[in-house]
2 protein chains.
Amino acid sequence: MSNFIEISEVGPRDGLQSIKRIMPLAAKKAWIDAEAACGVPEIEVGSFVPPKLLPQLADTAELVAYARTIDRLKVAVLVPNLRGAEDAIKAGAHKITIPLSASETHSLANVNRTHVQMLDAVRAIVALIKTLPPAERPFFEGGISTAFGCTLEGQIPEAKILELASALMEAGCDEVGLSDTTGYATPGHVIALVQAVKAEVGEQNLTGLHLHNTRGLGLANVLAALDHGITTIDASLGGIGGCPFAPGASGNIVTEDLVFMLDAMGFETGIDLDALLKVRDIVTEALPGEPMYGFIPEAGLPKGYNLSGTA
Amino acid sequence: MSNFIEISEVGPRDGLQSIKRIMPLAAKKAWIDAEAACGVPEIEVGSFVPPKLLPQLADTAELVAYARTIDRLKVAVLVPNLRGAEDAIKAGAHKITIPLSASETHSLANVNRTHVQMLDAVRAIVALIKTLPPAERPFFEGGISTAFGCTLEGQIPEAKILELASALMEAGCDEVGLSDTTGYATPGHVIALVQAVKAEVGEQNLTGLHLHNTRGLGLANVLAALDHGITTIDASLGGIGGCPFAPGASGNIVTEDLVFMLDAMGFETGIDLDALLKVRDIVTEALPGEPMYGFIPEAGLPKGYNLSGTA
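A brief report on the enclosed structure follows.

Reading guide: rules and limits
All residue numbers refer to positions counted from 1 along the written sequence of the respective chain. Note on labels: chains are lettered from A, ligands numbered from 1, in written order. With the structure being a predicted model, the display of local features is reserved for residues of pLDDT at least 70 and the display and counting of side-chain atom pairs for 80 or more, all residues being used for whole-chain, interface and lining totals. Any two strands with at least two DSSP bridges between them are considered paired. Here a helix means four or more residues in a row that DSSP labels H or I, a strand means two or more in a row labelled E, and each is numbered from the N terminus. Note on method: axes are straight lines fitted to C-alpha atoms, helices fitted across the in-contact stretch only, with angles between N-to-C directions ranging 0 to 180 degrees. This entry defines residue contacts through backbone-placed C-beta atoms, with two residues in contact when those atoms are within 7 Å. Amino acids outside the nonpolar list (Ala, Val, Leu, Ile, Met, Phe, Trp, Tyr, Cys, Pro) and the charged list (Asp, Glu, Lys, Arg) are all regarded as polar, and Gly is one of them. Think of a nonpolar core as buried Ala, Val, Leu, Ile, Met, Phe, Trp, Tyr and Cys residues chained together by C-beta atoms that fall within 7 Å. Here a residue counts as buried when 20 or more other C-beta atoms fall within 10 Å of its C-beta, as exposed when 12 or fewer do, and as partly exposed in between; the C-beta atoms come from the backbone.

**Side note on the sheet that holds strand β4 (residues 95-101) of chain B**
Residues and elements named next belong to chain B.
- Strand order around the closed barrel formed by 8 strands is β1-β2-β3-β4-β5-β6-β7-β8, with parallel pairing between neighbours. Strand-to-strand twist of the sheet, defined as the mean angle between neighbouring strand axes without regard to direction, takes the value 25°.
- Pairing of strand β6 (residues 175-179) with strand β7 (residues 206-210), which is carried by 4 bridges, proceeds in the parallel orientation. Residue pairing for β7: S179 is matched across the bridge by H210.
- Each of β4, β5 (139-145) and β6 is contacted by helix α7 (residues 158-171), which is oriented at about 165° to β5, the strand it contacts most.

**Focus on the interface of chain A and chain B**
- Listed per partner, the contact involves 30 residues of chain A and 32 residues of chain B.
- Secondary structure elements with two or more residues in the side of chain A that touches chain B: α8 (187-201), α9 (218-226), α10 (255-264) and α12 (296-299) of chain A.
- The residue makeup of the side of chain A that touches chain B, split by class, is 15 nonpolar, 12 polar and 3 charged.

**Thoughts on the sheet that holds strand β7 (residues 206-210) of chain A**
Residue and element names in this part refer to chain A.
- Taking strand neighbours around the barrel as the criterion, the 8 strands line up as β1-β2-β3-β4-β5-β6-β7-β8 in a closed arrangement whose pairing is parallel. Looking at each pair of strands side by side, their axes are set apart by 25° on average, direction ignored.
- In the packing of helix α7 (residues 158-171) onto the sheet, contacts are made with β4 (95-101), β5 (139-145) and β6 (175-179), and the angle to β5 comes to roughly 165°.
- Sheet strands touched by α10: β1 (6-9) and β8 (232-235). Its angle to β1, the strand with the most contacts, is close to 175°.

**Looking at the nonpolar core**
- In this structure, A:V77, A:L258, B:V77 and B:L258 are the most contacted members of the largest nonpolar core, which totals 187 residues.
- Once you skip the residues sitting within four places of it in the chain, A:L258 turns out to touch A:I7, A:L219, A:V222, A:I233, A:A235 and A:I253.

Listed below in structure tokens is the structure:
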């Protein structure tokens with residue numbers, strides 16, 4: 001299906017880590033269950049970080065185990081280091097992403113590691129994965145965060161991004177991704193960087209973007225990326241989340257709005273938008289008063305609009 | 001300048017007609033003054049409709065006269081009929097737009113006129129314009145509203161839009177425009193309709209779009225249009241406004257966010273964004289408590305970002 005765009009729901013990880021209150025495990029399970037039932041193909045259910053740093057995600061191992069029982073769902077997690085990867089593998093994650101911040105200043109602030117130290121961790125994780133029988137190996141992505149600029153360093157030179165992308169692939173990652181951690185991306189920059197990274201690491205080794213909507217350009221950036229071989233887009237239900245360590249950064253792309261845009265453009269997502277809109281209730285009931293975003297949830301579908309999945 | 005995108009500020013018309021309170025004339029003048037000083041090339045300052053229908057815009061004639069005194073500013077107005085056009089010409093507007101709703105149901109609800117009656121009005125206005133010396137003739141645009149769908153009728157067949165576009169040009173308009181009155185437009189639809197209308201009336205006779213952000217796709221729709229020969233985009237400071245007669249429709253494209261996107265993509269707008277952000281104060285002081293939108297005003301420019309006009 002060349003027309004298929006894979007939406008990766010990151011709300012349970014990227015959304016919840018930005019919210020102080022802890023969502024009860026039962027609500028998280030209900031949320032993941034409900035989104036998977038809507039046809040969402042991949043959900044990032046949590047992050048294997050020390051519970052004292054992110055108590056909101058302390059139940060990630062249980063969530064992975066639970067999500068693994070859901071048919072056809074790809075269960076993704078974030079890990080900051082080898083220890084996290086060990087936990088992720090033990091729990092049974094299908095996909096592991098390690099974020100490598102293009103801004104070394106941000107990397108030090110976020111995980112207290114230099115680029116060299118992060119790449120060492122990547123190699124150690126690859127070595128660990130290789131000890132597993134091939135059928136049990138998780139997909140391992142190197143996610144380059146602050147790829148479109150950093151609130152501390154400003155723009156990161158493209159040469160640095162390309163160097164890191166190469167280094168991640170050489171270290172043994174299955175793929176690299178680009179993250180607009182700070183919401184600095186603009187359509188022209190998305191096109192230029194996607195083209196440059198694909199030229200550096202190979203067309204097939206960059207397929208996914210994690211974009212924010214901090215400056216209102218989230219969907220315009222997706223639109224630009226779709227024309228340049230990007231087929232996986234991260235988004236968060238109700239747009240919750242962002243990066244708590246990048247001051248001023250907030251606002252994931254809203255999954256509901258993204259599904260609408262893709263559907264209206266004739267892309268397949270496999271997601272039932274009407275059903276997805278109802279999943280918001282689970283989040284708002286579990287986190288009353290927490291702001292949820294999204295235009296489609298507020299304005300509704302255009303009169304007479306037939307969702308491709310339901311027409 | 002092939003790289004120039006003309007932003008037409010419609011806040012004083014489209015924005016203020018949606019707000020019940022009446023902005024004092026002095027504040028309107030200050031707003032128009034300030035935006036023109038930022039480099040905004042065209043401002044739709046009002047609408048020549050009966051004051052009892054839209055008392056918010058009752059001072060349009062005075063505003064046109066005032067705005068005419070501002071160097072290099074193109075002064076645009078909306079007119080619903082011949083009477084409005086007479087007033088617009090008397091006041092000295094540079095550009096007159098008559099909205100023709102593709103949805104006849106909406107046309108009847110909005111101005112109580114059928115398509116035939118509206119086209120008669122267009123011909124009468126053209127006849128009036130032709131009585132003027134060439135140097136004094138205003139530019140006359142036929143704006144097809146609800147072009148991307150109507151909250152009453154749903155989708156309008158493309159054949160109907162093409163028929164109306166042709167009829168407007170045959171009646172003597174200088175150009176047609178397309179308005180997404182209801183916020184139904186999506187990037188694929190924008191591309192398809194722009195291409196179809198250009199093929200129908202000629203490449204040079206459709207250059208402008210009036211898009212809303214009701215479903216969060218405003219800037220993505222602009223991005224799509226830029227690739228297809230659209231060079232004029234309407235927007236509203238703080239995103240105020242929408243169509244008060246189309247239930248549920250709201251939210252113009254935010255001028256500030258649009259300028260940022262275009263600047264970041266290397267387009268010229270002639271607008272000083274830093275200065276534009278300060279103009280919001282004039283509106284909020286004149287209409288305290290009125291919601292103003294925009295991502296750039298909230299998130300600020302990316303660290304180290306150099307505006308092309310100020311670098």
